[in-house]
Amino acid sequence: MTEIQPETTQNTIWEDIKASLAGTELDFTKGNIGRAILILSIPMVLEMMMESIFAVVDIFFVSKLGADAVAAVGITESVLTLVYAIAIGFSMATTAIISRRIGEKNKDDAAKSAVQAIFVCLIISAPISLTGIFYAEEILLLMGANENIATHLSSYTAIMLGGNLVIMFLFVINSIFRGAGDAAIAMRVLWIANGINIVLDPLLIFGYGPFPELGIAGAAVATTIGRGIGVCYQFYRLFDGKGRIIILRKHISIQTEILKRMIRVSIGGIGQFLIATASWVGLVRIIAEFGSIALAGYTIAIRILVFSILPSWGMSNAAATLVGQNLGANQPERAEKSTWISAIINMIFLGLVGVCFLIFAENLVSIFTDDTAIIAIGSKCLRIMSYGYLAYAFGMVIIQAFNGAGDTKTPTLINLICFWIIEIPLAYFLAITLEWNEEGVFYSIVVAESLLGVIGFILFRRGNWKKTKV
């Protein structure tokens, strides 16, 4: 065996990194698994970081408008998690089906499946838009907002919910690219969308130059425009004939059998994320009992936490793609091995992030606000959350592996147990009954997420997911 020199190894890794960013035609059902994870995960990690930047940028500028403005964003985001749940849940089904077809080398059916996913997005988003536009104030009041937030800051909620179609498209069409192995395209979509949002946010919130001063509404307008232009780029890449997924005129029609299959798989995916994200709405409702300061501290901490966890979702998405494509190629053992390797890498990454949160919590929260009361609550939230980071890292990879296989029912059951049977009652008991206040909510999240990792490990080892048909 020829010994590989260090320079050769370094050059190979560097070439793989460049290929992952530029896009590659590599067959992920063959060759070195570590290389496949590297090439897939780098653009997926960068994509998820870009998605998290939307939230961080908005809260950075909105925090200059006061605690009520931050609380309004926090409440709106908690409601939007229901939209994210539908979008992400449906994305899981889309990734599973697209990756399975690509693994089978059936690109024509993959393109037909992509079109059906787009049709579903159009249908789902319409009623959500109407509800957000006409009932924004009522939604805020229902979620525990004070009169000032509901009366004067509801424009943010109306615009964000009214423009939910761009959120749906952004998630679902990117899942088409990821399932096909075109992770670099999905990454570029978020680069474009975020770049526009970062530029427009301060211009429209504070009215610099010729731009109108829209206040908190400016943040919603900037985000929606940025995402909308990103969606335009998605459609361009679907039809330009250069990617792994190429949509032609013959593909644009209702395919009943494919649509039924996609809806069947997506029910579990949507269900699991509705269960998970609806629990976050419940947590926000409990924290709202302790006032705008507590809610603002929690909102900022969660934004920082999301910024750290979404890159890990990128690694988890890489595992989902590898599971789907390798099951399509009748290689279940390779699919399983890909999952374990991805989980170990993710645990190392998030473990280091957790240590940083323990040490630098106040510094991180103070980036967004100089209010000492908000900093105290936000930093406490970050430190408590960091206790469960190893479990979070492992659990999210395992859950995505189930989804990549098309087994969306198992994660739904796990989420139901962890978030509704355990987390919500525990949060209420600790925060209200034992009077731990917002700290009780923080601890309940750590317990629930850690339990998710344990249950996921046990069920994944059983291997029933390998038999799933999509």
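Notes on the structure in this doc start here.

Definitions and limits used
- Residues numbered from 1 in each chain as written.
- Predicted model: local features only at pLDDT ≥ 70, side-chain atom pairs only at ≥ 80, totals over all residues.
- Heavy atoms only, no water.
- Helix = DSSP H or I, 4+ residues; strand = E, 2+ residues; numbered from the N terminus.
- Buried < 20%, exposed > 50% of the residue type's maximum accessible area, 1.4 Å probe, protein only.
- Contact = heavy atoms within 4.5 Å.
- Phe/Tyr/Trp six-rings, centres within 6.5 Å; stacked < 30°, edge-to-face > 60°.
- Axes fitted to C-alpha atoms, helices over the stretch in contact; angles between N-to-C directions.
- Parallel < 35°, antiparallel > 145°, perpendicular 65-115°, else oblique.
- Nonpolar A, V, L, I, M, F, W, Y, C, P; charged D, E, K, R; others polar.

Okay, the side chain of S129 next. Counting through the fold element by element, S129 comes out in helix α4 (residues 107–134). By relative accessible area, which is 12% here, S129 ends up buried. Sequence-distant contacts of S129, that is, excluding residues within four places in its chain, are made with L161, G162 and N164.

The next subject is the packing of aromatic side chains. Given two aromatic rings, one states the distance between the centres and the angle between the planes to describe the pair. In the structure shown here, the tally under the stated rule is 17 aromatic pairs. Geometrically, the ring pair formed by F61 and F206 is edge-to-face, given 6.4 Å between the ring centres and 65° between the ring planes. Of this pair, F61 sits in helix α2 (residues 33–62) while F206 sits in helix α9 (residues 183–206); the two residues are 145 residues apart in sequence, bridging distant segments of the chain. You can call F206 partly exposed: its relative accessible area is 22%. Between F460 and W465, the aromatic rings sit 4.7 Å apart at their centres with planes inclined by 10°, giving stacked as the arrangement. W465 shares its class with F460; the two are buried. Put simply, the rings of W340, F394, F402, F457, F460 and W465 touch in pairs and so form one group of aromatic residues.

A pair of packed helices is captured by two measures, namely the crossing angle of their axes and the spacing between those axes. Running from amino to carboxyl end, α4 crosses helix α7 (residues 154–162) at an angle of 170°, the nearest separation of the two axes being 7 Å. By the angle class used here, α4 and α7 are roughly antiparallel. On α7, the residues that touch I128, S129, G132 and I133 of α4 are A158, L161 and G162. Looking at the contact of α4 with α7 residue by residue, the class counts come to four nonpolar, three polar and no charged.

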